[in-house]
Amino acid sequence: MNRDKKWHKLEDYIALKLREIDPFAKHTPGSGNGHKKGDIQNSVNLHIECKERATDSVTINNDVWNKLKAEIPLHVKKTPLLCLENKEGKRWAVLELSDFLNLYIELYKSKITD
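In this text the structure is predicted, and so the values were computed from the model without any measurement.

**Remarks on the sheet that holds strand β4 (residues 79-85)**
A sheet is described by the order of its strands in space; here three strands give the open sequence β3-β4-β5, paired in mixed fashion. Two strands lie at the open edges of the sheet, namely β3 (46-52) and β5 (91-94), each paired on one side alone. Averaged over all neighbouring strand pairs, the angle between strand axes comes to 20°, with direction disregarded. Relative to β4, β3 is paired through seven bridges, and the arrangement is parallel. Of the residues in β4, the one forming a bridge with Glu-49 is Leu-82. With respect to the sheet, helix α1 (residues 9-18) is in contact with β3, β4 and β5, its orientation differing from that of β3 by roughly 145°.

Encoded structure:
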């Protein structure tokens, strides 16, 4: 598969950044055809879906968000993360507010105790 395609840039960027903490993070082969769930394989408990848009604005589609959450088995503790990119290459990460606050508080507390 040619990984130089435009629609894989966001996935490749995320996988590369995650390799700082997960050396095996990579694009999920076959994620777009329904065989595998999530766009980025990782061991840091993130269930990642990537959406690249050829528009100035990006929106959070409730159906996409619900599908992303439904793909996570009930017994698996993963945080759903929707990553978006617009036609200018600006990127955003979307997660539920409770997940963001829990992650941020945990990070903050770990910095205080160090």
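**Some details on the pairing of β4**
Along β4, seven of the seven residues are buried, which leaves the element largely enclosed by surrounding structure. With burial as the criterion, each face of β4 is covered, one bearing Thr-79, Leu-81, Cys-83 and Glu-85 and the other bearing Pro-80, Leu-82 and Leu-84. One crossover worth recording links β3 to the parallel β4 by way of helix α2 (residues 62-70), and it is right-handed. As paired elements, β4 and β5 share four bridges and run antiparallel to each other. What sits directly across from Glu-85, in β5, is Arg-91. The antiparallel pairing of β4 with β5 creates a hairpin that spans five residues between the two strands, and Gly-89 there sits at a positive phi of about 85°.

**Details of empty space enclosed by the protein**
Considering all chains together, one arrives at one cavity of 30 Å³ or more under this definition. Empty space within the largest cavity amounts to approximately 40 Å³. The residue inventory of the lining of the largest cavity, partitioned by class, reads four nonpolar, two polar and two charged.

**Comments concerning the pattern of salt bridges**
Counting across every chain of the model gives seven salt bridges. Glu-71 is paired through a salt bridge with Lys-67; the nearest N and O atoms lie 2.8 Å apart.

**A word on unusual backbone geometry**
Although it is not a glycine, Asn-45 sits at a positive phi angle of roughly 65°. With respect to the helices and strands, Asn-45 occurs in the loop between β2 (40-41) and β3. By relative accessible area, Asn-45 is classed as partly exposed at 43%.

**A closer look at the side chain of Asp-39**
Checked against the element boundaries, Asp-39 lands in the loop between β1 (26-27) and β2. Within the buried set, Asp-39 has no salt-bridge partner at all; the shortest N-O distance to an opposite charge, 6.0 Å, is to Lys-51. Reaching out from Asp-39, the side chain makes a polar contact with the backbone nitrogen of Cys-50 at a distance of 2.7 Å.

**Considerations on a nonpolar patch on the surface**
Together, Leu-97, Phe-100, Leu-101, Tyr-104, Ile-105, Leu-107, Tyr-108 and Ile-112 line one region of the surface with nonpolar side chains, adding up to about 840 Å² of accessible area. Its place among the elements puts Phe-100 in helix α3 (residues 97-113).

Quick notes on the rules
Residues numbered from 1 in each chain as written. Predicted model: local features only at pLDDT ≥ 70, side-chain atom pairs only at ≥ 80, totals over all residues. Heavy atoms only, no water. Pairing = 2+ DSSP bridges. Helix = DSSP H or I, 4+ residues; strand = E, 2+ residues; numbered from the N terminus. Axes fitted to C-alpha atoms, helices over the stretch in contact; angles between N-to-C directions. Contact = heavy atoms within 4.5 Å. Buried < 20%, exposed > 50% of the residue type's maximum accessible area, 1.4 Å probe, protein only. Right-handed = clockwise from strand over helix to strand, strands pointing away. 1 Å grid on protein atoms, 1.4 Å probe; cavity = no way out; pocket = protein on both sides within 12 Å on 5 of 7 lines; lining within 4 Å. Points joined across faces, edges and corners; volume = space filled by probe spheres on them. Nonpolar A, V, L, I, M, F, W, Y, C, P; charged D, E, K, R; others polar. Salt bridge = Lys/Arg side-chain N within 4 Å of Asp/Glu carboxyl O. Lys, Arg positive; Asp, Glu negative; His and termini not counted. Polar contact = N/O pair within 3.5 Å; in protein donor to acceptor, adjacent residues only side chain to side chain. Patch = residues over 30% accessible without salt bridge, like charges linked within 9 Å, V, L, I, M, F, W, Y side chains within 5 Å. Areas by Shrake-Rupley, 256 points an atom, 1.4 Å probe, with all protein chains shown as cover.

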